[in-house]
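# Observations on the three-dimensional arrangement
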Amino acid sequence: MGDAADQRTRIRVVVHKLAFRSGDLTPVNHPEKLAPIPYTNYVPETLLRNMGKWVKTELITPAIVKHVSETGDEVYSVKVIGPPNSRFSADTLEKLCDLADMYGIGVIRPTPQGNVEILTDDEEKARKLEEELRRNGFLVGGWGNHLWNIQPCTAYLTCTTAVIDAPSIAKALGDALVEYVYEKETPAHLSIKVSGCPNACGGAIDVADVAVVGYPAQTPMVDDKWFSSIGSPLDVTAACPVGAITPKRDPSTGKAYGIVIRPELCIACGRCRDTVDAIVYDPKKTGVMVLVGGKASNTGPNGQLMSRIVVPYIPSEPPRWPTLVKVVKRIVDVWVVNANKGERIGDWISRIGWDKFFELTGLPDVRKYLRFSEKPGPLYQPLYRRRLTESYAYLFREYASKI
Amino acid sequence: MASEELPIDPSLWPEPPPKEKVEEYLAELEKGPWPSHVTELKKTKYPVYIYGMGLVAGVTPWATSAAKAPGIYSGVLSRMSHPWTRISPPIFEDHARVLIPSAQVFTTTLLRFLIEASRKYGWGLLQFIGGTGDVVLNVVREKLIELNVFLRRIGLDIGGSGDVMRNTVSCPGPLLCPYAVYDTLKARDFTYSCLIDWATYPQFPYKIKFKYSGCPIDCLKAQARADYVVIGTWRGAPDVDDERLKQWIEEGGDVEELVKSCPTGAISWGGSKLSIDGSKCVKCMECIRRAYPAIKPGKERGLTVLVGGTIKSRNGPKLAKVLIPFIPLPSPDKLEEALMTMFQIVRDRIVPKWDEEGWRRERIGDTLIRVTWHRFLSDFAKFDPDLASKITKVKPTEPYYTYGITFFNMSDEQKKKYLEDLNKAMEAWQ
Ligand code: SF4
Ligand code: SF4
Ligand code: SF4
Ligand code: SF4
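Residues numbered from 1 in each chain as written. Chains lettered and ligands numbered in written order. Predicted model: local features only at pLDDT ≥ 70, side-chain atom pairs only at ≥ 80, totals over all residues. Heavy atoms only, no water.

All names here are of chain B. When the domains of chain B are assigned, the result is domain 1 (3-158), domain 2 (169-235 + 300-393) and domain 3 (239-296). Summarising the inter-unit geometry, the C-alpha centres of domain 2 and domain 3 are found 31 Å apart. With nine residues of domain 2 in contact, the opposing surface of domain 3 contributes seven residues. A buried area of about 730 Å², summed over both sides, lies between domain 2 and domain 3, and 76% of it is on carbon and sulfur atoms. Looking at the side of domain 2 facing domain 3, the largest losses of area belong to Tyr179, Ile217 and Trp234, adding up to 65% of the total buried there. Summed over the shared surface of domain 2 and domain 3, the result is zero salt bridges. Counting every contact that joins domain 2 to domain 3 gives one residue pair in polar contact (both at pLDDT 80 or more). Considering every element that reaches the side of domain 2 that touches domain 3, the biggest residue donor is strand E10 (residues 228-235), with three residues. Of the residues in the side of domain 2 that touches domain 3, the class split is six nonpolar, one polar and two charged. (Domains from an automatic or database assignment. Contact = heavy atoms within 4.5 Å. Buried area = accessible area lost by both parts, 1.4 Å probe. Salt bridge = Lys/Arg side-chain N within 4 Å of Asp/Glu carboxyl O. Polar contact = N/O pair within 3.5 Å; in protein donor to acceptor, adjacent residues only side chain to side chain. Helix = DSSP H or I, 4+ residues; strand = E, 2+ residues; numbered from the N terminus. Nonpolar A, V, L, I, M, F, W, Y, C, P; charged D, E, K, R; others polar.)

Quick look at the structure:
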């Protein structure tokens, strides 16, 4: 392993910062947060001198991407797919640090999708690193036209508002789709998001290729006993977007002491549960929905697309979620066979149309079971002018001085 | 524990499941080629058995708790084992969100310190990293303050929860990506240096998020998740370098394909010269991705600012809307000035007004729907009224009415019917 002193000089700033942030740092005496140290202080020299000078990105293997700078420098990024919810033990991370020091330039970049990228500056080292990672039991791959990762939220690991568990879904889906990480190509980038409730901490459900979202699928019940000690009736009433909750009031004093939920109005959004723990779901009724076809990139013929619900309900089946896994695998497999190269799921569906999508996948057409309103209502958002034309921009220039 | 002592109504909640069942479920999740979180958690002090109880019961095993941490106003979240698990005394789970370096560049030196922190003050468990872009570190409740001091010493801090400015995230941008139009890392650092008190004290109706994507590819999906989104863009046509294009063609680049790939037909090829009609270009990055560095983002660069994207919120998920289509960025060193233009509008106009008028737990995207886009532009952003009405009147050039995501309550019969049909369909897949 590279010697510690040498490491430390490379990361000048950590040393600098350690010196800088001395003195009394106790939060009570200094509650103001300390701003992150400017990046120029800790980014290693190899990267710093090539900032903004990259000219080429090239796929070496599904686990290695090569970045070429106009200075001639090369940096390789080796991708490791992390465990669901990016839960790393200290031991595992230490192992990764050792490998990053041994074969790399001592830089590890975690990504919000739950991957870890280890940087190195030499192709041979990158390949060795890939090999070594695999030998140590890590799953590598996911660059380019592959499954990038499956990103679940925390759910039952620590979350209090979870309807269903998400990491176990990610694990089950991953086991079924693992070949798309390295061995098999997909037509385009694929990333899958899993969230335990409509809060969607697992990533943007509205712009995901495939999103699995847990939802109550029922009008929640209220635990009156618990509510009376921890709940605030007015807060919960205010939280409901459709006004399905009314406070129960003491007739003599008029003071609110509990709540009633009207099932005929409730849309099962789970927002009351976000406000107070004393809301109960019947686990036999909870389930997941599947959305497909969203993307945030301004790419392709369509630009940004919002995901649509294609499977409205599958009951929860922990720990291996067999029905859900079959459905998602089916959607992905059909896309892989039918899409043109470079077509993300959303672009593919835009080309063939939803009728064809349901025909090809064989899924029951969700529109037969649920009616989606054409008009933007409280829960439907129109997207104005996603793609800007020049005239819009120039309209602003006229007024630039007045903004 | 006798049920009388439980704070909950036990008839509504599950019974603690049998031990064998819990172990069976956990074991199931250690099988298969995909990395297993259960295997990973077993290497730490995380009480994985509680997670297993939740899995079997189909109900989350955690309830809200609160940790005392004098001086830490945001960044610490606390849980305790749910009363239905009947674990007595309850097990507490506290975690701290750690604000990390821009673009998540961790040197191993720094990471080793973080690992040391998690062993010394926590459970030897990190979420590396969460969807919010912070590292989440499990911590033993009594050691919270010590942890915070340690993190500050190594140049980090705890923060980013509650009604504050949350962790600001930037895409790797110029650090690794050729397409970046501006320095996203610098933009993130600058945000903190301007708005550090926003990050410290909860003071708003709800959270505020800034996100910085270097180009219209928007790797962060910023426009779907952040209140204020900055995306690098340019005006007019992408920049074509004829020399390099020639080279690109010699190396096997297919010009016909390139011309065809443009969704608006902005590109034409005269046999020897490529010309791009800037007025048609919608900045989709397609030609740039194919022929970089022969084709680059245009020379007249700038920032687009969008407002009001959210996933979780009152009106459901929504994409952000364009607030300022173009802030010119004549040269990289003018970035701070360009950002200041945005900060002035956000900090001095929009946020104070939102503070006044926003409902509790209402993100700016929901407020702007409630007060209408036009009123938002004139009263919140305080644009010239004339400009505001012109913006609202601009007709979408594409009929871009798309459905948002709705929630619904299916009846039991509806569910049954759907599942029958689904099962029938699934048989045909075998
Ligand atoms: S999506 Fe729901 S279940 Fe998952 S972490 Fe967020 S609030 Fe919890
Ligand atoms: S689930 Fe949503 S709609 Fe139903 S009562 Fe709760 S907040 Fe209201
Ligand atoms: S958003 Fe653009 S600049 Fe940023 S990493 Fe993605 S492609 Fe690169
Ligand atoms: S960026 Fe897209 S729209 Fe603009 S010229 Fe290139 S391919 Fe056409």
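The rest of the description comes next.
Within the structure, ligand 4 sits among Pro238, Cys262, Thr264, Ile267, Ile276, Cys281, Val282, Lys283, Cys284, Met285, Glu286 and Cys287 of chain B. Residues of the shell around ligand 4, tallied by class, amount to nine nonpolar, one polar and two charged. (Near = heavy atom within 4 Å.)

This part takes up the site of ligand 1. Taken together, Cys153, Thr154, Ala155, Cys159, Thr161, Ala162, Ser195, Gly196, Cys197, Asn199, Ala200 and Cys201 of chain A form the complete shell of residues around ligand 1. Partitioning the shell around ligand 1 into residue classes produces seven nonpolar, five polar and no charged.

Here the focus is the domain arrangement of chain A. According to the domain assignment, chain A contains domain 1 (2-41), domain 2 (49-139), domain 3 (147-217 + 283-368) and domain 4 (221-280 + 383-402). Averaged C-alpha coordinates put domain 1 of chain A and domain 3 of chain A at centres separated by 41 Å.

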